Amino acid sequence: MVGAQFQDPNALGGTGPRLSGPLGKIGDADPATAGNDAGAPTAPATGGEGEPHGRHREARLGSTDKELKSGAAAADSVRTAPGTPRQRGEVMDAAGGSRNTLPRPCHVLVLLNPRGGKGKALQLFWSHVQPLLAQADVSFTLMLTERRNHARELVRAEDLRRWDALVVMSGDGLIHEVVNGLMERPDWETAIQKPLCSLPAGSGNAVAASLNYYAGYEQVTKEDLLTNCTQLLCRRLLAPMDLLSLQTACGQRLFSVLSLAWGFIADVDLESEKFRRLGEMRFTLGACLRLVALRTYRGSLAYLPAETLASRRGPSPARAPQDPADTHVVPLEQPVPPHWTVVPEQDFVLVLVLLHSHLASDLFTAPMGRCSAGTMHLFYVRAGVSRAMLLRLFLAMEKGRHMECHCPHLVYVPVVAFRLEPKDGKGVFTVDGELLISEAVQGQVLPNYFWMVSGYREPPPSLKPQPSPRRKSQQMLPPSERP
């Protein structure tokens, strides 16, 4: 595996020894050694499918070392969460049993992008992450990524048995690389069960912000968010997470840990790349510039509402076997199944499917709560919305109040699967912030498919019975699109 050169925390100032060597030789020392290697107000729950924010409100920034250690000890005593069919995502301890915590002590591989966000990830690791890991008996090996898809290549070839977890310190794009690299391995079914951890050091950091929210922390950004997420790693709790399986018209298969966007959001994401050094402010600037020259995008949209699946009986559509199986979609060249909801072909401003609560660390996009297992949020905005209303929605999203704007052009519904077909060649797709060619795409949620370090102290709401969302979710749909 590729070697890396970097300095220890003292060396960042020009002093101290320079460390270099192949991966696996760096940082295997005692974790206490300094030379270790490299409540926002909630909008009405229109779908009724999630759990409201508010659990563990006592958890705040600035926890003492004593609190960290007691939290980690408590995590080790938590009972295993209920399993899923086929025990997807089960984590095995050294004795062969299952558990939903990382061991103590544990050893993790840290994949860090030194160019992510404002380019300060390595300094932030030594100043904010390493001291907490040392106190919590978490030793690590640090690997710096050197180019796009480097992390994808590394995890595709790495002997994962050496690590208790893979820690990704960058933005959402690097987590996307890691998950897709794991799914490309011959032993993908075992590899995807390796626990992951997100430490925010990029521009968007939506996955980290969502985990911060689920854990009951206040919405924070930058170094405060990094500290919160590092505390979650120190406490070692794991929770199952959904994965979005995507298929494109050209036959590409890929997986998303966060979102697929088309139209306004995708344009802002890609066009603001040149402002990356601004950190999270790049999206605000990009949105303002795109509002000045607002575009619309012709296309057709269809989806399988969560409520339809919950009430439907009978087998899924027949299709060729594939792993992992997409049981709710049919080949793209065929019409969608008759029990799907079809949105008439029209002009859109944006379409967004989202697995989590946040689209960026300061964009609380899904205030209705965490989706139940196998379900994702679908938002779309029809053409005809004014620039003033779009700006109002964008500003309100910081506190999760955009659904209170009652914009008639904004539609929300929880779904299990979707199909989106651009009609005029305009616009681009982004998957977890990464560019995807503009062509017909469809996807479905794979429930509880992998594990992430989280803050749950009880089985997530997706593993418990959920009330029917029928009445409230229909209120958000135009009459022509209600099942």
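- Per an unreviewed UniProt entry, the chain goes by the name Sphingosine kinase 1 and belongs to Bos mutus grunniens.
- Quoted verbatim from the Subunit (unreviewed entry) field of UniProt, the annotation for the chain is "Interacts with ACY1. Binds to calmodulin. Interacts with SPHKAP. Interacts with CIB1, the interaction occurs in a calcium-dependent manner. Interacts with TRAF2. Interacts with EEF1A1; the interaction enhances SPHK1 kinase activity."
- Under the Cofactor (unreviewed entry) heading, UniProt states for the chain: "Mg(2+)".

### Some thoughts on the packing of aromatic side chains
Part 1: This structure, assessed with the given rule, holds ten aromatic pairs.
Part 2: Note on Phe379 and Tyr412: the rings are 4.9 Å apart at their centroids and 40° apart in plane angle, and the pair reads as tilted. Highlighted residues: Phe379 in strand S14 (residues 376–382) and Tyr412 in strand S15 (residues 410–422), separated in sequence by 33 residues.
Part 3: Taking relative accessible area as the criterion, Phe379 reaches 4% and is therefore assigned buried.
Part 4: Sitting over the face of the ring of Tyr214, Arg370 holds its NZ or CZ atom 5.7 Å from the ring centroid.

### Side note on the nonpolar core
Part 1: By size, the foremost hydrophobic cluster in this structure holds 65 residues, and its most contacted members are Leu166, Val178 and Leu182.
Part 2: Of all the elements, helix H4 (residues 172–183) adds the most residues to this core, at six residues.
Part 3: Residues within four places of Leu182 in sequence aside, it is in contact with Val155, Leu160, Leu166, Trp188, Ala191, Ile192 and Leu196.
Part 4: Judged by nonpolar contacts, the second largest core, of 38 residues, contains Ala136, Leu142, Cys229 and Trp451.

### Looking at the pattern of salt bridges
Part 1: In total, this model carries 13 salt bridges according to the counting rule given.
Part 2: Arg152 is paired through a salt bridge with Glu184; the nearest N and O atoms lie 2.5 Å apart. Taken together, the residues span a long stretch of sequence, with Arg152 in helix H3 (residues 150–157) and Glu184 in the loop between H4 and helix H5 (188–191) at a distance of 32 residues.
Part 3: The buried category is assigned to Arg152, whose relative accessible area is 17%.
Part 4: The shortest N-O distance in the salt bridge between Glu184 and Arg156 comes to 2.5 Å. In this pair, Glu184 is assigned in the loop between H4 and H5 and Arg156 in helix H3, connecting sequence segments 28 residues apart.

Parameters and conventions
Residues numbered from 1 in each chain as written. Predicted model: local features only at pLDDT ≥ 70, side-chain atom pairs only at ≥ 80, totals over all residues. Heavy atoms only, no water. UniProt positions renumbered as here; feature names shortened; annotations may be inferred. Phe/Tyr/Trp six-rings, centres within 6.5 Å; stacked < 30°, edge-to-face > 60°. Helix = DSSP H or I, 4+ residues; strand = E, 2+ residues; numbered from the N terminus. Buried < 20%, exposed > 50% of the residue type's maximum accessible area, 1.4 Å probe, protein only. Lys NZ or Arg CZ within 6 Å of the ring centre and 35° of its normal. Core = buried A, V, L, I, M, F, W, Y, C linked by side-chain atoms within 4.5 Å. Contact = heavy atoms within 4.5 Å. Salt bridge = Lys/Arg side-chain N within 4 Å of Asp/Glu carboxyl O.

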